[in-house]
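Listed below, chain by chain, are the residues.
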Amino acid sequence: MEGNWLSIIPPLTTIVNAIFTKRIISSLLFGLIVGSILKAGSLFTGIFKAVEYLMGVLNSADNILVVLFLFSFGSLTEIFKMSGGIKGFARLAEKYVKTEKGALLSVWAVTPVTYLDCCFHTISSGTIAKPLIEKVNGSPERLALVVNVTSSQLIVLIPLATTYVGYIIGITGSAMREAGIPGSPYALFLESIPYNFYSWGMVILSLLVTLFGLGFGKIRVKWGKPDQEGVHGMDEAHEQCKFEEKAPPKVWNLLLPLLVLVILVILLFWYTGYTPGRSFVQALMHAQFEKSLFIATFGTLLLTAVFYLLQRIPLSEIDSHFLSGGTEMLPPIVVLVISWALAAVTRDLGFQKFIMGAFGTGFPKLFIPVMVFIIGALTSYFIGSSWATWALIMPLGLPLAVNSGASIPLVMGAILAGGSVGDSVSFLGETPILTAAITELPLLDHIQTTLPYAGIIAGLAAILFIVSQLMIG
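Quantities reported herein were computed from a predicted structural model and do not represent experimental measurements.

*Asks:* I would appreciate a short explanation of the nonpolar core in the present structure.
*Replies:* General note: in soluble globular proteins, nonpolar side chains tend to be found buried as a group. Core analysis: the largest hydrophobic core is formed by 133 residues, its most contacted members being Y167, Y198, F269, F373, W390 and F465. Per element, the largest residue contribution to this core is 11 residues, and it comes from helix 19 (residues 386–404). The residues touching F269, leaving out its near neighbours within four places in the chain, are L160, Y186, A283, L284, A287, F289, S292 and L293.

Given below as structure tokens:
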């Protein structure tokens, strides 16, 4: 068999370790060290080799821009919380909501201005909708489902100005380089969005719940109590996420900065990708995405700070939220950096050739997307994190697509879909835990009432991955 079979050991040990320990950062670091030792041939030299790989990925300007973007984006969303914008939305909604449907629709209504980050949206939409549901004697299970889906599944389908976009571009770009896939990681992300069948299915489900009151609380899955000691890893990113508002309720304190952010992102995409002869859309596809996202976010951060200072919001409050917001993003930043290094050592061990020899011709390409989806779904369920799952599965899935001849956008969609499963129904998932807390619904009830429906959608998604690959050929 061609290639070095040892190349499968670093990612495999990382995934197994993450499933059993529920700690993604230490698992990635362990996989990196194992790979470095295998590459160097000795324990002592391997430790130094691991450090070299980490330093190597941080020497990339694009990688540094992704890190800076995630930090500044976390700061921006945290600053939004103390602006009074969410409180303004809540007071506005109270005037019009008279039914359960209206209360659930309030979650969707606030989504266009809170979609930047899953934690931000969960807290904001839950804070607005929970008193409205209580006011109309609505179902807390339905509310939890809608908040959960709009906080995780919907946001991953939005390709503009979210923390997800920067992170996905970062891990996709690295995996594309290792797999020898040319082109833009952002363009591949855009191509994959229609194929994220699980997230689309969950979004449609939540719309049915909102508009037609799909029954909840009738179908439950009996399950043991979650291991509360296992809630670790990537979820540390938002453990300190609290809802604070230091200003009077003003809807524009949220709307105006968000509008500035979206406009800046689009303009910078066009500016960095434009050359004579390119259309607007072509310019967007050739943009310098990492640079554009960071500059747009940092520029919006500065303008927002000035905007709030003019309203006499204390500089000390802005400064405090800037630091706390950026700090919340440190765990995913660390995961991203280590995953880049892990991908590099796996490449140097001959992973590409090994995958080509093992699956290039012998494994039917028809089943590659669904296999990637199932592996990702199981991984994300057991470790409770979509971001961590994407970091683990992306370096495996894209080479499989290349060497088997499967559709690369379809496999990319399968990777994103599989990782998204844990975000909706895992006892260790950040979104279910935070959703249950903000809606004051027991976590076990939230999981039990959501899991049967999510299981059906996951099954349909698996079928669609096979059918889509069959149609693509």
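*Asks:* In this structure, what is going on with the packing of helix 10 (residues 185–192) against helix 20 (residues 408–425)? I would like to understand it.
*Replies:* Between two packed helices, the angle of one axis relative to the other and the distance separating the axes together describe the packing. Helix 20 packs onto helix 10 with a crossing angle of 80 degrees between their chain directions and a minimal axis gap of 8 Å. Viewed along their axes, helix 10 and helix 20 adopt a mutual orientation that is roughly perpendicular. Of the residues in helix 20, those touching helix 10 at L188, F189, E191 and S192 are I408, P409, M412, G413 and L416. Partitioning the contact of helix 10 with helix 20 into residue classes produces six nonpolar, two polar and one charged.

*Asks:* Any chance you could explain the packing of aromatic side chains here in plain terms?
*Replies:* Centre-to-centre distance and the angle between the planes together describe a pair of aromatic rings. If you walk through the whole model with that rule in mind, you get 11 aromatic pairs. Between Y186 and F269, the ring centres sit 5.4 Å apart and the planes meet at 65 degrees, which makes this aromatic pair edge-to-face. Of this pair, Y186 sits in helix 10 while F269 sits in helix 12 (residues 252–273), placing them 83 residues apart in sequence. In this structure, Y186 and F269 share a single accessibility class: buried. Seen from their ring centres, F307 and Y308 are 5.9 Å apart, and the 35 degrees between their planes marks the pair as tilted. Residue Y308 is classed as buried on the basis of its relative accessible area, which comes to 0%. Each residue in the set Y195, F197, F373 and F465 is aromatic and connected to the rest through ring pairs, giving one cluster.

*Asks:* Hey, could you run me through the side chain of T297 in this one?
*Replies:* Within the secondary structure layout, T297 lies in helix 14 (residues 289–310). Here T297 falls in the buried class, since its relative accessible area comes to 1%. Contacts of T297, omitting those with residues within four sequence positions, involve F69, S72, F73, L76 and L261.

*Asks:* I tried to follow helix 1 (residues 9–21) on my own but got confused; where do I start?
*Replies:* Across its 13 residues, helix 1 extends 18 Å between first and last C-alpha, which sits within 8% of the 18 Å expected from 1.5 Å per residue. All buried positions along helix 1 are accounted for by P10, P11, T14, I15 and A18. For helix 1, the angular spread of the buried residues around the axis is 130 degrees, confining them to a single face. Buried-residue contacts for helix 1 involve helix 2 (24–40), helix 16 (330–348), helix 18 (368–383) and helix 19.

*Asks:* So what exactly am I meant to see when it comes to the pattern of salt bridges here?
*Replies:* One side chain can pair with another of opposite charge once the charged atoms of both are near each other. This structure, assessed with the given rule, holds three salt bridges. Across the salt bridge formed by R142 and E100, the nearest N and O atoms sit 3.2 Å from each other. Pair noted here: R142 is in helix 8 (residues 140–151) and E100 is in helix 6 (residues 100–110), with a separation of 42 residues, a long-range link.

*Asks:* What am I meant to see in a nonpolar patch on the surface here?
*Replies:* Together, L105, I204, L207, L208, L211 and F212 line one region of the surface with nonpolar side chains, adding up to about 550 Å² of accessible area. Position of L105 relative to the elements: it lies in helix 6. Judged by relative accessible area, L105 falls into the partly exposed class, the value being 37%.

*Asks:* Honestly, the packing of helix 9 (residues 163–179) against helix 14 in this entry has me stumped. Any pointers?
*Replies:* Where helix 9 meets helix 14, the closest approach of the two axes is 11 Å, and the angle between their N-to-C directions is 155 degrees. It follows that helix 9 is roughly antiparallel to helix 14 by the angle criterion. The two elements helix 9 and helix 14 cross, and the hand of that crossing is left-handed. Of the residues in helix 14, those touching helix 9 at V165, G166 and I169 are F289, E290 and L293. Of the residues contributing to the contact of helix 9 with helix 14, the split by class is four nonpolar, one polar and one charged.

*Asks:* Got a minute to help me understand unusual backbone geometry in this structure?
*Replies:* It is generally the case that most residues other than glycine have a negative phi and that most peptide bonds are trans. The backbone of R312 shows a phi angle near 65 degrees, a positive value even though the residue is not glycine. Summarising the element assignment, R312 is placed in the loop between helix 14 and helix 15 (315–328).

*Asks:* I tried to follow the confidence of the model for the protein chain on my own but got confused; where do I start?
*Replies:* Caution applies to low-pLDDT regions: their predicted coordinates should not be interpreted in detail. Within the protein chain, residue pLDDT values average 79, and 87% of them lie at 70 or more. The low-confidence segment residues 217–245 (pLDDT under 50) makes 76 contacts with residues lying over four places distant or belonging to another chain.

*Asks:* How should I be thinking about helix 7 (residues 118–135) in this particular structure?
*Replies:* Because the α-helix completes a turn every 3.6 residues, residues three or four places apart line up on one side. Compared with the 26 Å implied by 1.5 Å per residue over 18 residues, the 25 Å span of helix 7 between its first and last C-alpha is a close match. A large share of helix 7 lies buried, amounting to 14 of its 18 residues. Phi turns positive, to about 55 degrees, at N137, one or two residues after helix 7.

*Asks:* Where do I start with the side chain of S139 in this structure?
*Replies:* Position of S139 relative to the elements: it lies in the loop between helix 7 and helix 8. Accessibility expressed as a relative area gives 11% for S139, which makes it buried. Each residue touching S139, except ones within four places of it in the same chain, is listed here: E100 and I133.

*Asks:* How do you make sense of the environment of L256 when you look at a structure like this?
*Replies:* Note that L256 resides in helix 12. Expressed as a C-alpha distance, the spacing of L256 and V113, which sit 143 residues apart in the sequence, is 9.7 Å.

*Asks:* Can you walk me through the environment of I338 in this structure?
*Replies:* When you line up the elements, I338 lands in helix 16. Sequence separation between I338 and Y53 is 285 residues, and the spatial gap between their C-alpha atoms is 8.9 Å.

*Asks:* Looking at this structure, how should I read the environment of N17?
*Replies:* Relative to the elements of secondary structure, N17 occurs in helix 1. Through-space distance from the C-alpha of N17 to that of G31 is 8.7 Å; in sequence the pair is 14 residues apart. A polar contact is formed between the side chain of N17 and the side chain of S27, at a distance of 3.3 Å.

Definitions and cut-offs
- Residues numbered from 1 in each chain as written.
- Predicted model: local features only at pLDDT ≥ 70, side-chain atom pairs only at ≥ 80, totals over all residues.
- Heavy atoms only, no water.
- Core = buried A, V, L, I, M, F, W, Y, C linked by side-chain atoms within 4.5 Å.
- Buried < 20%, exposed > 50% of the residue type's maximum accessible area, 1.4 Å probe, protein only.
- Helix = DSSP H or I, 4+ residues; strand = E, 2+ residues; numbered from the N terminus.
- Contact = heavy atoms within 4.5 Å.
- Axes fitted to C-alpha atoms, helices over the stretch in contact; angles between N-to-C directions.
- Parallel < 35°, antiparallel > 145°, perpendicular 65-115°, else oblique.
- Nonpolar A, V, L, I, M, F, W, Y, C, P; charged D, E, K, R; others polar.
- Phe/Tyr/Trp six-rings, centres within 6.5 Å; stacked < 30°, edge-to-face > 60°.
- Expected span 1.5 Å × (residues − 1).
- Arc of directions from axis to C-beta.
- Salt bridge = Lys/Arg side-chain N within 4 Å of Asp/Glu carboxyl O.
- Patch = residues over 30% accessible without salt bridge, like charges linked within 9 Å, V, L, I, M, F, W, Y side chains within 5 Å.
- Areas by Shrake-Rupley, 256 points an atom, 1.4 Å probe, with all protein chains shown as cover.
- Left-handed = near helix turned anticlockwise from the far one by under 90°.
- pLDDT = per-residue confidence, 0-100.
- Polar contact = N/O pair within 3.5 Å; in protein donor to acceptor, adjacent residues only side chain to side chain.

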